[in-house]
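# Notes for the structure review
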Amino acid sequence: MKKLLFISNISKKITNFSKPSILAAQSMGYEVHLAADFSEFKDDPEKYGVILHHIDLKRNPMHPKNIKAKRQVLNLMKAEKFDAVHCNTPVGGWFGRSCGKKARVRKIIYTAHGFYFYKGGPKIYNITFKPMEFLMARSTDALITINHEDYEVAKRMKLRKGGKVYYVPGVGIDTSAIDGVPSDRASLLREINAKNDDFIIISVGELNRNKNNRTIIEALGKLKTPSVHFILCGVGSCKDELSALAEHYGISDRVHFLGYRSDIPTLLKSADAFVMSTLREGLPRSIMEAMSAGLPCVVSDIRGNNDLIDHNGGFLCGPCDSSSFAEAINTLSVNPEMCTRMGEYNREKVKNYDTEIVCRMMNDIYIETLA
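These remarks concern the structure in this document. (Residues numbered from 1 in each chain as written. Predicted model: local features only at pLDDT ≥ 70, side-chain atom pairs only at ≥ 80, totals over all residues. Heavy atoms only, no water.)

### Some remarks on the overall build of the protein
Counting secondary structure elements, the protein contains 16 helices and 13 strands. The C-alpha atoms of the protein give 21 Å as radius of gyration, which agrees with the globular expectation for 371 residues (21 Å, within 12%). For the C-alpha atoms alone, the extent of the protein along its principal axes is close to 60 × 40 × 35 Å. Counting the 371 residues in the protein, one finds 56% classified as buried. A fraction of 67% describes how many contacts in the protein between residues 6 or more apart in sequence connect residues 24 or more apart. A total of about 16,600 Å² of accessible surface is found on the protein, and carbon and sulfur atoms cover 51% of it. (Helix = DSSP H or I, 4+ residues; strand = E, 2+ residues; numbered from the N terminus. Rg over C-alpha atoms; globule rule 2.2 N^0.38 Å. Buried < 20%, exposed > 50% of the residue type's maximum accessible area, 1.4 Å probe, protein only. Contact = heavy atoms within 4.5 Å. Areas by Shrake-Rupley, 256 points an atom, 1.4 Å probe, with all protein chains shown as cover.)

Okay, here's the thing in structure tokens:
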């Protein structure tokens with residue numbers, strides 16, 4: 001039986017990140033193997049008919065332990081003699097393609113979930129990662145991008161003979177599932193001690209430097225209104241810093257750190273608007289979930305975000321422009337009709353990113369590349 005290796009970074013369970021590829025490969029008669037850091041894996045691989053291989057991968061491309069991880073990937077490829085490799089993310093992409101070339105893997109697919117170099121990004125990223133991606137493209141048969149900025153860049157890369165660049169709208173989202181979740185606004189208001197007519201904005205994601213939540217807190221500090229509450233769902237190293245910033249602006253009673261939550265769809269349905277001032281994204285699932293929940297979105301005007309949000313569905317602001325965020329949040333807070341109109345627009349637009357569409361596109365790419 002032919003064998004395909006799907007490489008990612010850290011995997012806790014089988015999700016839409018890998019499902020479309022698993023289904024596409026299996027439909028073509030491939031035995032599917034998954035390689036990632038499975039140290040926290042809590043799923044049943046037999047349910048999906050896949051074989052797992054633990055690799056000590058680190059998200060940070062410059063982490064010294066990735067030297068060992070690359071060696072593990074190469075040894076795995078030589079032992080299993082895969083017919084095809086589908087690698088993902090910068091680290092998995094570099095290992096998958098460089099090791100795949102050494103192991104003489106016949107077909108190599110790479111999904112770029114947001115190149116590390118991008119418009120407005122740090123110069124060091126453009127100097128370091130851009131040449132590397134262009135070089136590694138020469139070992140790639142199919143290069144899949146998930147936003148239009150990356151797609152235009154990828155079209156300038158030279159792939160293997162016969163190689164092709166594709167655009168796929170992310171990893172997919174089950175829009176009907178989120179749309180069908182009921183609101184529980186009363187419980188949320190009790191949890192954060194807010195009034196029924198208060199305006200609730202929500203953000204979902206790790207509390208780290210890249211997510212840049214300080215811009216939203218600074219925006220609330222400029223609003224000077226007690227009716228806007230900001231809830232952050234997620235954990236991370238920047239929590240104490242963000243909490244101190246909220247205290248500095250005297251708005252600690254309106255900035256709520258809810259930590260890790262398993263009820264994100266319900267929280268989204270219970271809020272009034274979604275906000276995110278992130279610095280770098282590929283195509284953020286959190287925004288797609290907010291759109292599916294029918295929320296207007298105020299987000300940073302960067303790659304990926306501006307694929308999803310336009311002026312009909314919200315506001316695009318400079319990532320560090322707290323004044324623009326403040327103005328947009330205030331505009332929504334006093335215009336409930338605008339919130340409804342934008343939310344309905346987003347609910348319809350996000351259907352273009354549904355899992356079924358992504359699965360069909362991935363299936364077509366696999367057939368074209370691996371047949």
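### Re the side chain of His33
Tracing the chain through its elements places His33 in strand β2 (residues 31-37). Judged by relative accessible area, which is 2%, His33 ranks as buried. In contact with His33, not counting residues within four places along its chain, are Lys3, Leu4, Leu5, Phe6, Ile51, His53, Glu80 and Phe82.

### Quick word on the nonpolar core
Of all hydrophobic cores here, the largest spans 33 residues; its most connected members are Leu5, Ile7, Met77, Phe115, Leu143 and Met157. For this core, the elements supplying multiple residues, two or more each, are β1 (3-10), α3 (66-80), β4 (84-88), α4 (90-102), β5 (107-112), α5 (123-136) and α6 (148-154). Sorting elements by how many residues they give to this core places α3 first, with 5 residues. With sequence-adjacent residues up to four places away left out, Leu5 is seen in contact with His33, Leu34, Ala35, Leu76, Met77, Phe82, Ala84, Val85 and His86. The next biggest cluster of nonpolar side chains, apart from the first, holds 32 residues, and it includes Val204, Ile264, Met288 and Ala293. (Core = buried A, V, L, I, M, F, W, Y, C linked by side-chain atoms within 4.5 Å.)

### Here's the deal with empty space enclosed by the protein
Which parts of space are left empty comes out when a probe the size of a water molecule is rolled across the atoms. All chains considered together, the criterion is met by 2 cavities of 30 Å³ or more. Looking at the largest cavity, its volume works out to about 100 Å³. Phe17, Thr111, Gly170, Val171 and Met362 are the residues nearest the centre of the largest cavity, which is lined by 15 residues in total. If you list the elements that add at least two residues to the lining of the largest cavity, you get α1 (19-27), β4 and α16 (355-370). Looking at the lining of the largest cavity residue by residue, the classes come out as 8 nonpolar, 7 polar and no charged. Together, Ser203, Val204, Gly205, Glu206, Leu207, Lys211, Asn213, Leu232, Cys233 and Met276 line the second largest cavity. Elements represented by at least two residues in the lining of the second largest cavity include exactly β8 (199-204) and β9 (228-233). Taken together, the residues that form the lining of the second largest cavity break down as 5 nonpolar, 3 polar and 2 charged. (1 Å grid on protein atoms, 1.4 Å probe; cavity = no way out; pocket = protein on both sides within 12 Å on 5 of 7 lines; lining within 4 Å. Points joined across faces, edges and corners; volume = space filled by probe spheres on them. Nonpolar A, V, L, I, M, F, W, Y, C, P; charged D, E, K, R; others polar.)

### Digging into the sheet that holds β8
Ordered in space as β10-β9-β8-β11-β12-β13, the 6 strands form an open sheet in which the pairing is parallel. Looking at which strands have only one partner, the edges of the open sheet turn out to be β10 (255-259) and β13 (314-317). Recorded for the sheet is a direction-independent mean angle of 20° between the axes of neighbouring strands. Judged from the 2 bridges that link them, β8 and strand β11 (residues 273-276) form a sheet pairing that is parallel. (Pairing = 2+ DSSP bridges. Axes fitted to C-alpha atoms, helices over the stretch in contact; angles between N-to-C directions.)

### Re the pairing of β1
Along β1, 7 of the 8 residues are buried, which leaves the element largely enclosed by surrounding structure. Pairing between β1 and β2: 6 bridges, direction parallel. Counterpart to Leu4 in the pairing with β2 is Val32. The parallel pair β1 and β2, bridged by α1, forms a crossover whose chirality is right-handed. Pairing analysis gives 4 bridges linking β1 to β4, with the strands arranged parallel. Bridge pairing in β4 links Phe6 to His86. (Right-handed = clockwise from strand over helix to strand, strands pointing away.)

### Considerations on the packing of aromatic side chains
For any pair of aromatic rings, the description consists of the separation of the ring centres together with the inter-plane angle of the planes. Across all of its chains, the model carries 8 aromatic pairs by this definition. Measuring from centroid to centroid gives 6.1 Å for Phe6 and Phe17, while their planes differ by 90°, and the two rings are edge-to-face. Taken as a pair, Phe6 in strand β1 and Phe17 in the loop between β1 and α1 lie far apart in primary sequence, 11 residues in all. The buried category is assigned to Phe6, whose relative accessible area is 2%. (Phe/Tyr/Trp six-rings, centres within 6.5 Å; stacked < 30°, edge-to-face > 60°.)

### Some points on helix α12 (residues 285-292)
Burial within α12 is extensive, with 7 of its 8 residues counted as buried. Looking at the residues trailing α12, positive phi occurs at Gly294, about 80°.

### As for the packing of α1 against α16
Two elements in contact, α1 and α16, have axes separated by 9 Å at closest approach and are oriented at 45°. In terms of orientation, α1 lies oblique with respect to α16. Judged by the twist between their axes, the crossing of α1 over α16 is right-handed. Of α16, the residues touching α1 (which contributes Pro20, Ser21, Ala24, Ala25 and Ser27) are Val358, Cys359, Met362, Asn363 and Tyr366. For the contact of α1 with α16, the per-class residue count stands at 7 nonpolar, 3 polar and no charged. (Parallel < 35°, antiparallel > 145°, perpendicular 65-115°, else oblique. Left-handed = near helix turned anticlockwise from the far one by under 90°.)

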